[in-house]
Amino acid sequence: MSQETTYEKALVLDSQDELAHYKDNFYRNTNQIYLDGNSLGLLSVQSEQALLTVLNEWKTLGIDGWLEASTPWFFLAEELAKQTAPLIGARADEVIVANSTTVNLHQLIATLFKPSGTRNKILSDELSFPSDVYALESQLNLKSLHADTHLVKVKSLNGFTLDEHLIVEAMTEEISMIVMPSVIYTSGQLLDMEYLTAEAHKRGILIGFDCSHSIGAVPHKLSDWNVDFAFWCNYKYLNSGPGSTGGLYLNQRHFGQSPGLAGWFSSKKDYQFTMSHTAQYAEGAGSLQIGTPNILSMAPLKGSLQLIAEAGIDRLRLKSLRLTAYLMELVESELTGYGFTIANPRENHRRGGHVSLIHDEAIRICKALRQQGVIPDYRYPNIIRLAPVALYTSFIDCYEAVKRLKQIMNDRIYESHEKERGLVP
Ligand SMILES: *Cc1c(COP(=O)(O)O)cnc(C)c1O
């Protein structure tokens, strides 16, 4: 009975979905339901074409591609930044596509972290992505400060989410800078960036966000909120391919400072090839580039950004919220009694693009799901992340995924899998 109603509901929701046809732009395996777009987004025809265009221009133009390619490679980072800016709510010159996610965090800390007197600590949280924590620790080390004493981590009371009021309580006079995720990668909690930024600024603290799990899924207004800096990866909801170049945002208030990690691509464009040993850095976020951009790892982003601009980030967010709401509804109606806990917050304004399920048998359940053609995302030790990406996931996909999951639980299919964690989830 309930199966039937949920199936019919999925059909209705799909028929009302004005973005449904976007999934035809993506390469998807027949019979497979891909719910791992928050780790690695799928390839679109548009991204493939954008990459093939660059390859072909390299073939025919050689070195001349730097200025003569259809989007000249010399300006590709700036061009992509212009197209990214609306997704995070910033001016074009406050954004640059460069480096990798982690390198961008290093660059921003190296540029903006200026410990002075007793205001010399960085505030983060115990749920942050490990790479970010390692980067913060090593940046502290470079200033002869120790993570044990100078990296303060806000605690999570339940192990999955953070309480914004506790974050504000931790904003003491010793804190110089705050780095936190926009969306927590495990639980999918969306933090209130506007509120945290206002509270940090009241106390004279700089604040920046890792937007890896929100860009392309959630709209941002970083400039309006006055956020100091942000960084993100382009291979999750932005579908630009494994290890594609990252992005960063620098509020215009911070323009004009020397980059902490400089290189010749930090230069003003018309100055770079004077080959002078005296640097003249770009005015805006472009100064945080370092060396020659990875053109082949940036090209797919051009196609992705076109597609997202066409679909519209507000419409994508609306569909994403409907998908995750429907998925949670299915989990609650079909999977009660099987030991799952939903770890993400329920309110729309507090969740990102994925649903997070906790289960003691998470690893074996994920293996069984893969075998049944559902690609989930496992996070050690007990987290199953399911990301129905608005561009290429339907409501029927959600229905079908939960149906297969229910069968795995009901028939205890997961018990035939090994408990060992793989090298890559
Ligand atoms: C995916 C992700 C990263 C990845 O960083 P890379 O430098 O691209 O490997 C960093 N932080 C968060 C929060 C992420 O989700």
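Our subject in this report is the structure included herewith. For clarity, every value in this text was computed on a predicted model and none was experimentally measured. (Residues numbered from 1 in each chain as written. Predicted model: local features only at pLDDT ≥ 70, side-chain atom pairs only at ≥ 80, totals over all residues. Heavy atoms only, no water.)

## A few points about the pattern of salt bridges
Should their charged atoms come close, side chains of opposite charge can pair.
Link 1 in the chain: Within this structure, the stated rule accounts for 21 salt bridges.
Link 2 in the chain: Glu-332 is the partner of Arg-346 in a salt bridge, and the nearest nitrogen-oxygen pair spans 2.8 Å. Taken together, the residues span a long stretch of sequence, with Arg-346 in the loop between strand 9 (341–342) and strand 10 (355–358) and Glu-332 in helix 12 (residues 313–334) at a distance of 14 residues.
Link 3 in the chain: Exposure remark for Arg-346: the relative accessible area of 41% places this residue in the partly exposed category.
Link 4 in the chain: Between Asp-377 and Arg-379 there is a salt bridge, with its nearest N and O atoms 3.5 Å apart. Side by side, Asp-377 and Arg-379 carry an identical accessibility label, which is buried.
Link 5 in the chain: Within this structure, Glu-199, Lys-202 and Arg-203 form a network of salt bridges that share partners. (Salt bridge = Lys/Arg side-chain N within 4 Å of Asp/Glu carboxyl O. Helix = DSSP H or I, 4+ residues; strand = E, 2+ residues; numbered from the N terminus. Buried < 20%, exposed > 50% of the residue type's maximum accessible area, 1.4 Å probe, protein only.)

## Notes on unusual backbone geometry
Link 1 in the chain: A cis amide bond links Tyr-380 with the next residue in sequence, Pro-381, at an omega value of -5°.
Link 2 in the chain: Mapped onto the elements, Pro-381 comes out in the loop between strand 12 (377–379) and strand 13 (383–386).
Link 3 in the chain: With a phi close to 60°, Ser-144 is a non-glycine residue in the positive phi region.
Link 4 in the chain: Along the chain, Ser-144 turns up in the loop between helix 6 (130–142) and helix 7 (147–150).
Link 5 in the chain: The phi dihedral of Asn-226 falls on the positive side, at around 70°, and the residue is not glycine.
Link 6 in the chain: Looking at where Asn-226 falls in the secondary structure, it is placed in the loop between helix 10 (222–225) and strand 7 (229–232).
Link 7 in the chain: Looking at Asn-226, the relative accessible area reads 33%, which means it is partly exposed.

## Topic: the sheet that holds strand 2 (residues 95–97)
Link 1 in the chain: Across the sheet, 7 strands lie side by side as 2-8-7-6-5-3-4; this open sheet has mixed pairing. Looking along the sheet, the strands with just one partner apiece sit at the ends: strand 2 and strand 4 (151–154). When the angles between neighbouring strand axes are averaged without regard to direction, this sheet yields 20°.
Link 2 in the chain: As defined by bridge partners, strand 3 (residues 121–125) adjoins strand 4 across 4 bridges and the pair is classed as parallel. Following the sheet pairing, Ser-124 is matched in strand 4 by Lys-153. (Pairing = 2+ DSSP bridges. Axes fitted to C-alpha atoms, helices over the stretch in contact; angles between N-to-C directions.)

## Let's talk about the nonpolar core
Link 1 in the chain: Core analysis: the largest hydrophobic core is formed by 126 residues, its most contacted members being Met-171, Ile-178, Leu-357 and Leu-391.
Link 2 in the chain: In contact with Leu-357, not counting residues within four places along its chain, are Val-331, Phe-340, Thr-341, Ile-342, Asn-382, Ile-383, Ile-384, Leu-386 and Leu-405. (Core = buried A, V, L, I, M, F, W, Y, C linked by side-chain atoms within 4.5 Å. Contact = heavy atoms within 4.5 Å.)

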